[in-house]
Amino acid sequence: MKRDELVVFRKLFLRALNENQMLILRSINGKHRSLNALLEEISRDTRKPISTLKLNARILKELGLIDYGEKNSPKPVELTEHGELVLRILGVIA
């Protein structure tokens, strides 16, 4: 990807994703056994309401940037390939 393309995509992602969505994306590190565990930690650290974080996590899942299990089928929360690409473009991960 060319440098000018990266700049365009970076601007687009920063405009399209809100602060809570970026916080969730940056916080996924493979150490949380469930979405709730991740969101509870974020909420504790930032004092953001769990309901707000859950809504934003659902949006990220619908966008295909994260994946997590459901109540009946728990699974650790993880970045998808597309979620990793977004964070790489934003310079959050190498």
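Being a predicted model, the structure only gives us computed values, none of them experimental.

What about the overall build of the protein?
Here's step 1: Within the protein one finds five helices and two strands.
Here's step 2: Starting at the N terminus, the α and β elements of the protein follow one another as α-α-α-α-β-β-α.
Here's step 3: Expected size for 94 residues packed as a compact globule is a radius of gyration near 12 Å; at 13 Å, the protein falls within 12% of this value.
Here's step 4: On the principal axes, the C-alpha backbone points of the protein span a range of 45 × 25 × 20 Å.
Here's step 5: Of the contacts formed within the protein by residues at least 6 apart in sequence, a portion of 47% connects residues at least 24 apart.
Here's step 6: In the structure as shown, the protein presents an accessible area of about 6,400 Å², 51% of it carried by carbon and sulfur atoms.

Thoughts on the pattern of salt bridges
Two side chains carrying opposite charge are able to pair once their charged atoms lie near each other.
Here's step 1: Here the structure, examined in full by the defined rule, presents five salt bridges.
Here's step 2: Of the charged contacts, one joins glutamate 19 and lysine 48 as a salt bridge, the two residues approaching to 3.2 Å between their closest N and O atoms. Separated by 29 residues along the polypeptide, glutamate 19 in helix H2 (residues 19–27) and lysine 48 in the loop between helix H3 (35–46) and helix H4 (50–62) bring together distant segments of the chain.
Here's step 3: Among the salt bridges present, the one from glutamate 84 reaches arginine 88, with a minimum N-O distance of 3.5 Å. Of the two residues, glutamate 84 and arginine 88 are both situated in helix H5 (residues 81–89); the distance of four residues between them amounts to about one turn of the helix.

Thoughts on the side chain of threonine 80
Here's step 1: Tracing the backbone shows threonine 80 in the loop between strand E2 (78–79) and H5.
Here's step 2: Only 3.1 Å separates the side chain of threonine 80 from the backbone nitrogen of glycine 83, close enough to count as a polar contact.
Here's step 3: Apart from residues no more than four positions distant in its own chain, threonine 80 is found in contact with Gly64, Leu65, Ile66 and Asp67.

Some thoughts on the side chain of serine 43
Here's step 1: Looking at the element boundaries, serine 43 is found in helix H3.
Here's step 2: According to the relative accessible area criterion, serine 43 is buried, its value standing at 16%.

Considering the environment of glutamate 78
Here's step 1: Here glutamate 78 lies in strand E2.
Here's step 2: Taking the relative accessible area as the measure of exposure, glutamate 78 reaches 38% and is therefore partly exposed.
Here's step 3: What glutamate 78 contacts, discounting residues up to four positions off in sequence, is Ile28, Leu65, Ile66 and Asp67.

Conventions adopted
- Residues numbered from 1 in each chain as written.
- Predicted model: local features only at pLDDT ≥ 70, side-chain atom pairs only at ≥ 80, totals over all residues.
- Heavy atoms only, no water.
- Helix = DSSP H or I, 4+ residues; strand = E, 2+ residues; numbered from the N terminus.
- Rg over C-alpha atoms; globule rule 2.2 N^0.38 Å.
- Contact = heavy atoms within 4.5 Å.
- Areas by Shrake-Rupley, 256 points an atom, 1.4 Å probe, with all protein chains shown as cover.
- Salt bridge = Lys/Arg side-chain N within 4 Å of Asp/Glu carboxyl O.
- Polar contact = N/O pair within 3.5 Å; in protein donor to acceptor, adjacent residues only side chain to side chain.
- Buried < 20%, exposed > 50% of the residue type's maximum accessible area, 1.4 Å probe, protein only.

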